[in-house]
Amino acid sequence: MNAQTALLEQWRRVLVFSICADDSWHFSQLPDARQFPLRFPIALDQTSKYGGREDQEYAGGSLAMVMAFAALKLSRCDGDTPSGGSLFPCGGLLADMFEALRVLRERYGDSVLSSYLAPIGIVLEMALCAPMRLQVLGSRLDALDNDTLHRMAMDAVQGVPVPDMLADLLEPSAVAK
């Protein structure tokens, strides 16, 4: 097994999502960033003309975005209210989210900050300014299962672009499909 394959396998083992697997929600259902390898196994067909550092930063940012989407999904796990969730889970997860961001930043640098915080900020702004769009976002988050999150995270660490589930919800003219 070559070094690239070994690194990819390390990532495969640590990027385990188990959101709502036991009908409860807690932050430990997300991968523990402290176990993440320090480098990303960038796929050969995903390397940029600039090379190593830029590719590593891109992968780190993409992984941070996937982790933010997973945290948002986790906050919807408790579906006891008619809206499909309550505000408490997300509020209760903020300290855990901050700790995950701290670890990601320590390992991969400042470039992960905006990738992790932007989705959270967009959802907050959406809730305040365009709450009718939250239903679409909720449906998208609900459709994410643990296997899909794993595939998205594995793509991210290899430098493969991951879908931005919020991009079209920012368009002022229409709510996304």
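Just so you know, these numbers come straight off a predicted model, no measurement behind them. (Residues numbered from 1 in each chain as written. Predicted model: local features only at pLDDT ≥ 70, side-chain atom pairs only at ≥ 80, totals over all residues. Heavy atoms only, no water.)

The next subject is the pattern of salt bridges. Pairs can form between side chains of opposite charge whenever their charged atoms are close. According to the stated counting rule, one finds seven salt bridges in the structure shown. Taking the shortest distance from any N to any O, the salt bridge between Arg102 and Glu99 comes out at 2.5 Å. Of the two residues, Arg102 and Glu99 are both situated in helix 3 (residues 87-108); the distance of three residues between them amounts to about one turn of the helix. In this structure Arg102 comes out as partly exposed when scored by relative accessible area, which is 34%. The salt bridge involving Arg102 is made with Glu106; its shortest N-O contact spans 2.4 Å. (Salt bridge = Lys/Arg side-chain N within 4 Å of Asp/Glu carboxyl O. Helix = DSSP H or I, 4+ residues; strand = E, 2+ residues; numbered from the N terminus. Buried < 20%, exposed > 50% of the residue type's maximum accessible area, 1.4 Å probe, protein only.)

In this structure, the second largest pocket occupies an estimated 170 Å³ of space. Lining the second largest pocket, in full, are Phe27, Ser28, Leu30, Pro31, Asp32, Ala33, Arg34, Asp96, Glu99, Ala100 and Val103. Tallied by class, residues from the lining of the second largest pocket come to six nonpolar, one polar and four charged. (1 Å grid on protein atoms, 1.4 Å probe; cavity = no way out; pocket = protein on both sides within 12 Å on 5 of 7 lines; lining within 4 Å. Points joined across faces, edges and corners; volume = space filled by probe spheres on them. Nonpolar A, V, L, I, M, F, W, Y, C, P; charged D, E, K, R; others polar.)

Attention shifts here to the nonpolar core. Counting 52 residues, the largest nonpolar core has Trp11, Leu15, Phe27, Leu30, Phe36, Leu63 and Tyr116 as its most contacted members. Looking at this core, the elements with two or more residues in it are helix 1 (3-14), helix 2 (52-75), helix 3, helix 4 (111-129), helix 5 (134-143) and helix 6 (146-157). No other element matches the twelve residues that helix 2 contributes to this core. Setting aside its immediate chain neighbours within four residues, Leu15 contacts Pro31, Phe36, Leu63, His150, Ala153, Met154 and Val157. (Core = buried A, V, L, I, M, F, W, Y, C linked by side-chain atoms within 4.5 Å. Contact = heavy atoms within 4.5 Å.)

Counting across every chain of the model gives three aromatic pairs. Taking the centre distance of 5.1 Å and the plane angle of 50° together, the rings of Trp11 and Phe36 count as tilted. Taken as a pair, Trp11 in helix 1 and Phe36 in the loop between helix 1 and helix 2 lie far apart in primary sequence, 25 residues in all. Among the residues examined, Phe36 registers a relative accessible area of 2% and is labelled buried. Taken together through their ring pairs, the aromatic side chains of Trp11, Phe36, Phe40 and Tyr108 make up a single cluster. (Phe/Tyr/Trp six-rings, centres within 6.5 Å; stacked < 30°, edge-to-face > 60°.)

For the rest of this paragraph, the subject is the packing of helix 2 against helix 6. Look at helix 2 against helix 6: their axes get within 7 Å of each other, and the N-to-C directions meet at 165°. By the angle between their axes, helix 2 is roughly antiparallel relative to helix 6. In the crossing of helix 2 with helix 6, the sense of the turn from one axis to the other is left-handed. Residues Ala59, Ser62, Leu63, Val66, Phe69 and Ala70 of helix 2 form the contact with helix 6, whose own contacting residues are Leu149, Met152, Ala153, Ala156 and Val157. When its residues are assigned to classes, the contact of helix 2 with helix 6 shows ten nonpolar, one polar and no charged. (Axes fitted to C-alpha atoms, helices over the stretch in contact; angles between N-to-C directions. Parallel < 35°, antiparallel > 145°, perpendicular 65-115°, else oblique. Left-handed = near helix turned anticlockwise from the far one by under 90°.)

No statement about biological role is implied by the geometric values presented.
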